[in-house]
Amino acid sequence: MQAGQPCRSWEKDEAKAIYDLPWPELMFRAQTVHRQHFDPAEIEQASLLSIKTGGCPEDCGYCSQSTRYDTGVTATKLMQVERVLAEAERARAGGATRFCMGAAWRSPKDRDIDKVCAMIEGVRALGMETCVTLGMLSSAQVERLAGAGLDYYNHNVDTSPEFYSEIITTRTMDDRLETLAHVREGGIKVCSGGIVGMGETIADRIGMLVLLAGLDPPPESVPLNMWNEIQGTPVMDKGEPVDPIAFVRLVALARILMPRSVVRLSAGRHAMSDETQALCFLAGANSIFTGDTLLTTGNPQRRQDAALLAKLGMRAGAIQASSR
Ligand code: SAM
Ligand code: DTB
Ligand code: SF4
């Protein structure tokens, strides 16, 4: 998948003009691009596991796992490798082809990396693609993860550069981009996207996609999260429900700006109707998280997702971009 995705820089005005196209035109363009690179009936299923929950020193205003907010999440230690592998086997039995492990760290300690490398090696041995999200990484840490055979590193830009400091003050967008650069230089594929519904403008959402599409090359994997409400966080006061049509427009824009990337409907699917998800798939989304929990919040049950795909005549598969 993905080799040599060309980087073409987009102007924000150009992207906004695409976002604002008449609906049938936008859908047609997104579909055309999607079909050039993917089988449009195929959806990747990834599974997520929180390997270390809560107790995070960062102040991300949307997150249940920051120590700064009273969200009711109990902090845990790093999970044992055997338990992680048992969860990965369960996910594989449920049809997942990619296993993503998330830790609530600002950045991992070197001794944590040893354990995470053992998890990566074990999950790979099960024949699954591996992804981890551990916070900021040094080049040396990237090298060790790459040595364990890590396929993807998830590190979201989360929002536009302009809106970033409204949501997070304990690090900057440049810190985020630095880790992404280390990951890229270390030869690990990049998974990076963001969240909508935190009080940002449509221009912020478009700016986030322009930023991602301008990375050279763009991320192989782009998770689009609809903010999952967390009582007790600052975003609870500024966030607002996302209009489903606006969300589908954003998915279509992501598909058009990053034709060869896997676009994942990540958090927020349990609040989406079948119809909204079906429109997202038409607009070019081709991956979902399966399993009834994400990190600390809910996700549709596997059987619900299976029923939706069956109703749509679509199928789960290990996504392969084609050169069509
Ligand atoms: N601590 C690491 C980091 O921040 O990079 C990894 C884990 S962090 C929970 C991974 C991503 O989950 C965040 O970057 C954010 O985009 C997403 N996320 C966190 N809380 C969310 C929520 N309530 N709704 C939607 N997405 C959320
Ligand atoms: C991503 O973009 N979304 C996932 C994954 N990357 C790590 C995380 C979603 C978290 C939703 C909130 C929660 O469950 O705590
Ligand atoms: Fe910590 Fe990641 Fe949550 Fe931010 S998003 S508070 S870094 S776990």
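So, here is what we can say about the structure in this document. Quick caveat, the model's predicted, so the values are computed rather than measured. (Residues numbered from 1 in each chain as written. Chains lettered and ligands numbered in written order. Predicted model: local features only at pLDDT ≥ 70, side-chain atom pairs only at ≥ 80, totals over all residues. Heavy atoms only, no water.)

1. Side note on unusual backbone geometry
- With an omega of 0°, the peptide bond running from Asp-216 to Pro-217 counts as cis.
- As for its placement among the helices and strands, Pro-217 is situated in the loop between helix H8 (202–213) and strand E7 (221–226).
- Backbone geometry at Asp-158 places phi at a positive 75°, although glycine is not the residue there. (Helix = DSSP H or I, 4+ residues; strand = E, 2+ residues; numbered from the N terminus.)

2. Here's the deal with the site of ligand 2
- Asn-156, Asn-225, Leu-295, Thr-296 and Thr-297 are the nearest of the 13 residues found near ligand 2.
- Within the contact set of ligand 2, a nitrogen atom lies 3.3 Å away from a side-chain nitrogen or oxygen of Asn-154.
- Between an oxygen atom of ligand 2 and a side-chain N or O atom of Asn-225, the distance comes to 2.8 Å.
- Summarising the interface, the protein chains cover 88% of the accessible area of ligand 2, which totals 410 Å² for the free molecule.
- Looking at the shell around ligand 2, its residues break down into six nonpolar, seven polar and no charged. (Near = heavy atom within 4 Å. Polar contact = N/O pair within 3.5 Å; in protein donor to acceptor, adjacent residues only side chain to side chain. Areas by Shrake-Rupley, 256 points an atom, 1.4 Å probe, with all protein chains shown as cover. Nonpolar A, V, L, I, M, F, W, Y, C, P; charged D, E, K, R; others polar.)

3. Some details on the side chain of Arg-176
- Tracing the sequence through the fold places Arg-176 in helix H7 (residues 173–185).
- Despite being buried, Arg-176 has no salt bridge partner; Asp-158 is the closest side chain of opposite charge, sitting 4.3 Å away.
- Apart from residues no more than four positions distant in its own chain, Arg-176 is found in contact with His-155, Asn-156, Val-157, Asp-158, Tyr-164 and Arg-171. (Buried < 20%, exposed > 50% of the residue type's maximum accessible area, 1.4 Å probe, protein only. Lys, Arg positive; Asp, Glu negative; His and termini not counted. Salt bridge = Lys/Arg side-chain N within 4 Å of Asp/Glu carboxyl O. Contact = heavy atoms within 4.5 Å.)

4. Comments concerning the pairing of strand E1 (residues 42–52)
- In terms of burial, E1 is a largely internal element, eleven of the eleven residues being buried.
- Inspection of the sheet shows E1 paired to strand E10 (residues 315–316) by two bridges, in the parallel sense. Bridge pairing in E10 places Ile-43 opposite Ala-316.
- Relative to strand E9 (residues 287–290), E1 runs parallel, the two sharing four bridges. From the neighbouring strand, Ala-46 faces E9, where its bridge partner is Phe-289.
- Two elements, E1 and strand E2 (residues 98–103), share six bridges in a ladder whose sense is parallel. For Ser-50, the partnering residue across the bridge sits in E2 and is Gly-102.
- Handedness of the crossover joining E1 and E2 through helix H3 (residues 81–93) is recorded here as right-handed. (Pairing = 2+ DSSP bridges. Right-handed = clockwise from strand over helix to strand, strands pointing away.)

5. With respect to the pattern of salt bridges
- As enumerated under the stated definition, the model contains 16 salt bridges in all.
- Between Arg-171 and Glu-58 there is a salt bridge whose closest N-O contact spans 2.8 Å. Linking Arg-171 in the loop between helix H6 (164–167) and H7 with Glu-58 in the loop between E1 and H3, this pair joins segments that are 113 residues apart in sequence. By the burial criterion, Arg-171 is buried, and Glu-58 matches it.
- In this structure, Glu-220 and Arg-184 form a salt bridge, with 2.9 Å as the shortest nitrogen-oxygen distance.

6. Focus: the site of ligand 1
- Around ligand 1, a shell composed of 18 residues is seen, among which Thr-133, Asn-156, Asp-158, Arg-176 and Asn-228 lie nearest.
- Between ligand 1 and Trp-105, the relevant distance is 3.2 Å, taken from a nitrogen atom to a main-chain nitrogen or oxygen of the residue.
- At a separation of 3.0 Å, a nitrogen atom of ligand 1 approaches a polar backbone atom of Asn-228.
- Surface burial for ligand 1 is 90%, taken as the share of its 550 Å² of free accessible area covered by protein chains.
- The residue makeup of the shell around ligand 1, split by class, is nine nonpolar, seven polar and two charged.

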